Amino acid sequence: MFSEHGGDAFGLDIMFDFSANLNPLGMPEAAKKVLNNSVTEWEKYPDPNCRKLKQKLAAAMNLEPEQIVCGNGAADLIYRIISTIKPRKCVLCSPTFSEYEKALRENNCEIEYFPLLEENDFRLDERILETLTNGAEMLILCNPNNPAGGVISRELLKKICEKCSQKNITFLCDECFLEFTETAENHSALNFLNEKTIVLKAFTKIFAMAGIRLGYAVFGDCETARKTAQSGQCWSVSAPAQIAGTAVLDDEIGTKIYLEKTLELIRTEREFLKKSLNDLGIRTFDSSANFLLLKSDLRLFDTLLEQRILIRNCANFRELDERFFRIAVRNHEENQALVEALRRVIGG
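Throughout what follows, the structure given in this document is the object of discussion.

### A word on the nonpolar core
The biggest cluster of nonpolar side chains holds 81 residues, and the ones touching the most others in it are Leu124, Ile128, Leu139, Ile160, Phe171 and Ile311. The element that contributes the greatest number of residues to this core is helix α11 (residues 332–346), accounting for six residues. Residues Phe97, Ile140, Cys176 and Ala225 belong to the second largest nonpolar core, which totals 26 residues.

### Description of the layout of surface pockets
Taken as a whole, the largest pocket spans an internal volume of roughly 1000 Å³. Forming the boundary of the largest pocket are 34 residues, of which Ala60, Met61, Glu179, Tyr216 and Leu259 lie nearest the centre. Contributions of two or more residues to the lining of the largest pocket are made by α2 (51–61), β7 (197–202), α6 (203–206), α8 (239–250) and α9 (252–279). The element contributing the most residues to the lining of the largest pocket is α9, with six residues. Of the residues contributing to the lining of the largest pocket, the split by class is 18 nonpolar, seven polar and nine charged.

### A word on the side chain of serine 188
Of note, serine 188 is situated in the loop between β6 (170–174) and β7. Of the polar contacts made by the side chain of serine 188, one reaches the backbone nitrogen of leucine 190; its length is 3.0 Å.

### Some details on unusual backbone geometry
Backbone torsion omega between serine 94 and proline 95 reads 5°, so that peptide bond is classified as cis. Looking at the element boundaries, proline 95 is found in the loop between β3 (89–94) and α4 (98–106). The peptide bond linking asparagine 143 to proline 144 adopts the cis configuration, its omega dihedral lying at 0°. One non-glycine residue with positive phi stands out, namely cysteine 50, at about 50°. Assignment of secondary structure puts cysteine 50 in the loop between α1 (29–36) and α2.

### Digging into the sheet that holds β6
Reading across the sheet, the seven strands line up as β2-β8-β7-β6-β5-β3-β4 and stay open at both edges, with mixed pairing between neighbours. Where the open sheet ends on each side, the last strands, each with one partner, are β2 (68–71) and β4 (110–115). Averaged over neighbouring strand pairs, the angle between their axes works out to 20° when direction is ignored. As paired elements, β6 and β7 share four bridges and run parallel to each other.

### Focus: the sheet that holds strand β12 (residues 312–313)
Ordered by their spatial adjacency, four strands build an open sheet running β9-β10-β13-β12, and the pairing between neighbours is antiparallel. Where the open sheet ends on each side, the last strands, each with one partner, are β9 (283–284) and β12. When strand β10 (residues 291–295) meets strand β13 (residues 324–328), the two strands line up antiparallel, connected through five bridges. Pairing of leucine 293 across the sheet is with arginine 326, part of β13.

### Describing the environment of threonine 170
Summarising the element assignment, threonine 170 is placed in strand β6. Judged by its relative accessible area of 6%, threonine 170 falls in the buried class. A C-alpha to C-alpha distance of 8.4 Å links threonine 170 and isoleucine 140, two positions 30 residues apart in sequence. Apart from the residues lying within four places of it in its own chain, the contact partners of threonine 170 are Ile85, Glu137, Met138, Leu139, Lys196 and Ile198.

### Description of helix α7 (residues 222–230)
Every buried residue of α7 is listed here: Thr224, Ala225 and Thr228. End-on view of α7: buried residues confined to an arc of 100°, all on one side of the axis. Those residues of α7 that are buried are in contact with β2, α3 (73–85), β7 and β8 (215–219). Directly after α7, the chain includes glycine 232, whose backbone phi takes a positive value near 70°.

### Remarks on the side chain of threonine 228
Inspection of the secondary structure puts threonine 228 in helix α7. Polar contacts involving the side chain of threonine 228 include one to the main-chain carbonyl oxygen of threonine 224, which spans 2.9 Å.

### So, the environment of glycine 26
By the element assignment, glycine 26 lies in the loop between β1 (16–17) and α1. Measuring from C-alpha to C-alpha, the distance between glycine 26 and phenylalanine 207 comes to 6.9 Å, with 181 residues separating the pair along the chain. With near-sequence residues (within four places) excluded, glycine 26 lies in contact with Phe207, Ala208 and Tyr258.

### Focus: the packing of aromatic side chains
Applying the stated criterion to the full structure yields ten aromatic pairs. Here phenylalanine 122 and phenylalanine 324 contribute two aromatic rings whose centre-to-centre distance is 6.1 Å and whose plane-to-plane angle is 75°, an arrangement assigned as edge-to-face. On the criterion of sequence distance, the pair formed by phenylalanine 122 in the loop between β4 and β5 (138–142) and phenylalanine 324 in strand β13 is long-range, its members being 202 residues apart. Given the relative accessible area of 3%, phenylalanine 122 is considered buried. Site record: aromatic cluster; members linked through ring pairs are Phe203, Phe207, Tyr216 and Tyr258. Lying across the ring of phenylalanine 291, arginine 326 places its NZ or CZ 6.0 Å from the centre.

So, how was this worked out
- Residues numbered from 1 in each chain as written.
- Predicted model: local features only at pLDDT ≥ 70, side-chain atom pairs only at ≥ 80, totals over all residues.
- Heavy atoms only, no water.
- Core = buried A, V, L, I, M, F, W, Y, C linked by side-chain atoms within 4.5 Å.
- Buried < 20%, exposed > 50% of the residue type's maximum accessible area, 1.4 Å probe, protein only.
- Helix = DSSP H or I, 4+ residues; strand = E, 2+ residues; numbered from the N terminus.
- 1 Å grid on protein atoms, 1.4 Å probe; cavity = no way out; pocket = protein on both sides within 12 Å on 5 of 7 lines; lining within 4 Å.
- Points joined across faces, edges and corners; volume = space filled by probe spheres on them.
- Nonpolar A, V, L, I, M, F, W, Y, C, P; charged D, E, K, R; others polar.
- Polar contact = N/O pair within 3.5 Å; in protein donor to acceptor, adjacent residues only side chain to side chain.
- Pairing = 2+ DSSP bridges.
- Axes fitted to C-alpha atoms, helices over the stretch in contact; angles between N-to-C directions.
- Contact = heavy atoms within 4.5 Å.
- Arc of directions from axis to C-beta.
- Phe/Tyr/Trp six-rings, centres within 6.5 Å; stacked < 30°, edge-to-face > 60°.
- Lys NZ or Arg CZ within 6 Å of the ring centre and 35° of its normal.

Spelled out as structure tokens, the structure:
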């Protein structure tokens, strides 16, 4: 039985995993080094308030530590934030990341679905503003959205933040994949942070720390941040996670070079995959992220699995069906292997 998310290759004979959208460069060297040298620190309880890590994050973003809450990955924070806010009605796009819906339903929240249009590459448009007048108490958006990879325009993001503030609607903007885009700084909701805005970030994707589990949320309102920090379990962020996260932030020059290499690799390889797949007759949707949404009548998931390649079947996303698949952008060797495997599939 497969997980509804990517990255579940356990028990499978897999050579290449394209189902999980992680940085193909792997974990930064600074994180690897500190983890190898800090094993004795893992014997102690971790700081439940992540003081050092929050101070580093706050300094990097010119914020106050009280505005930041760290968690056991972004998913942990999604549940804690929604449990803290307890919205009675939330606007949610479809398709999008499924954990939002699960967390909302666990808190008995009514969900108003906002369907994204296939003919628009499932990109968000200004129609979303019309949904913020129907009694909604929360809006959750993924930027860039998973699984299609479209980024919200800066102008629309500004309007959303302003309208949510005017209508007393909590706006949770999940930006866990934004650092893979070339316009991350310009298209972040942090530019329009107000008392109703919460921005979700993670080390998991951009720094390939999926097994470490480290996410954080930035709050415009410190009281909401305090309440969220008090929710959920104590010691939710492990000692290794705090140590690795702090090391990445401390290594400013190394991390800057790592991120520059990441952007170049993702840009080049995403275009290679798009052209190669389009040449094979497989539709790809316009993406700014480190993954691509595909559409094909072929049974790509099963046939690629037979060739020891795992991709993401997107049939369980709202608005999508068994013709949709998502692939991560990996390094060139892996991407070339995927293209060659698809050529074999299509060639019969």
